[in-house]
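Topology and contacts: notes
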Amino acid sequence: MKSKFTPAIIVHGGGGRIRAEELPQRLDGCKDAALAGWGIIQQGGSALDAAEAAVIMLEDNPLFNAGTGSTLNSLGQVEMDAAVMEGETLRAGAVAAVQGIKNPIKLARRVMEDGRHLFYAAEGALLFARAIGFAQCDPEALIVETERARWQEKHGTVGCVALDLEGKIAVATSTGGIFNKLPGRVGDSPLIGCGTYANDCGGVSCTGQGEAIIRIVMAKTALDLLKERAEPQAAAHQAIALLAQKTGGAAGLIIIDRQGKVGHARNTERMPVSFILSDGQVHLDS
Ligand code: GLY
């Protein structure tokens, strides 16, 4: 399909400490997710469909801290956050502290499409899901044995930013949050502007310490820096430098601009990333 826009997609699998033996599998997971989204864009599908599809793949992959395989809170339960946002319309949808939802990113999209409210939390999100006929699952089904056995710190979040052939940008971010969090704790991922943001300049998805990311409204800050500095890579680095300077926190982010240029930066130990540019080549980084 001919287009005056240069499509692109970038996916992250979460920032944090990753055991060396797990890194190749996580990079593979990011690559598969990026390819799933890219296939949708290549067929003329929307950035929103692409970003959602990429994040669903990561939520369903137990290696990542989102959906199945989410980290456990202090009660040994899975409580998840997710958000989607469209850059052109500024439409967004988010859910926080939800249990028993296999793909929180799908529910966040339904919140956006329903349009009555932008953000539902906990029991209210489940009431919304029930009201629209959205399937729920046994909360225990999302706990993988390695998580239960390890019961140790697992950082990470998953996210995708996509630019489609019509020049539209969308972002999707999903997470189990941080290990051993208190029940009801909400991180940056579902907070519009903090862990997830898209506008007519670009889109950003963040990962890392939510309490630090929220304090500098990192996703929107990165897009403001993009406006000033024009280069996504420079904006990504500057946002992470600002986070470190102002909060001492650790995080990572991925970014795409309207021209299809991508950037990613982190001050976490690792952040598996996969991106595909207009030539169709898959790039991996960590
Ligand atoms: N960045 C994920 C969280 O803090 O919940």
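Please read all numbers here as calculations on a predicted model, not as lab measurements. (Residues numbered from 1 in each chain as written. Predicted model: local features only at pLDDT ≥ 70, side-chain atom pairs only at ≥ 80, totals over all residues. Heavy atoms only, no water.)

The next subject is the site of the ligand. As a structural note, the neighbourhood of the ligand is formed by Thr157, Thr175, Gly177, Ile178, Arg185, Gly187, Asp188, Ser189, Gly208 and Gly210. One of the side-chain nitrogen or oxygen atoms of Arg185 is found 2.7 Å away from an oxygen atom of the ligand. Between the ligand and Asp188 there is a distance of 2.6 Å, counted from a nitrogen atom to a side-chain nitrogen or oxygen. Calculation on the ligand without its partners gives an accessible area of 190 Å², and the protein chains cover 100% of this total. When grouped by side-chain class, the residues that make up the shell around the ligand number 1 nonpolar, 7 polar and 2 charged. (Near = heavy atom within 4 Å. Polar contact = N/O pair within 3.5 Å; in protein donor to acceptor, adjacent residues only side chain to side chain. Areas by Shrake-Rupley, 256 points an atom, 1.4 Å probe, with all protein chains shown as cover. Nonpolar A, V, L, I, M, F, W, Y, C, P; charged D, E, K, R; others polar.)

Working definition: two side chains of opposite charge can pair if their charged atoms are close together. The full count for this structure, using the stated rule, is 16 salt bridges. Arg91 is the partner of Glu86 in a salt bridge, and the nearest nitrogen-oxygen pair spans 3.1 Å. Among the residues examined, Glu86 registers a relative accessible area of 16% and is labelled buried. Each of the salt bridges in this network shares a partner with another, and the network as a whole consists of Asp49, Glu52, Arg109 and Glu113. (Salt bridge = Lys/Arg side-chain N within 4 Å of Asp/Glu carboxyl O. Buried < 20%, exposed > 50% of the residue type's maximum accessible area, 1.4 Å probe, protein only.)

This paragraph deals with helix α2 (residues 47-60). Helix length check: α2, at 14 residues, gives a terminal C-alpha distance of 20 Å against a target of 20 Å (1.5 Å per residue), a fit within 8%. Buried residues dominate α2, accounting for 11 of its 14 residues. What α2 keeps buried is the set Ala47, Leu48, Ala50, Ala51, Glu52, Ala53, Ala54, Val55, Ile56, Leu58 and Glu59. (Helix = DSSP H or I, 4+ residues; strand = E, 2+ residues; numbered from the N terminus. Expected span 1.5 Å × (residues − 1).)

If you want to describe how two helices pack, look at the angle between their axes and the distance between the axes. Orientation of helix α1 (residues 23-42) relative to α2, taken along the N-to-C sense of each, is 155 degrees, at an axis distance of 8 Å. The orientation of α1 relative to α2 falls into the category roughly antiparallel. The crossing of α1 and α2 is right-handed. Contacts between α1 and α2 involve Gly29, Cys30, Asp32, Ala33, Ala36, Gly37, Ile40 and Ile41 on the former and, on the latter, Asp49, Ala50, Ala53, Ala54, Met57 and Leu58. Of the residues that constitute the contact of α1 with α2, the class distribution is 10 nonpolar, 2 polar and 2 charged. (Axes fitted to C-alpha atoms, helices over the stretch in contact; angles between N-to-C directions. Parallel < 35°, antiparallel > 145°, perpendicular 65-115°, else oblique. Left-handed = near helix turned anticlockwise from the far one by under 90°. Contact = heavy atoms within 4.5 Å.)

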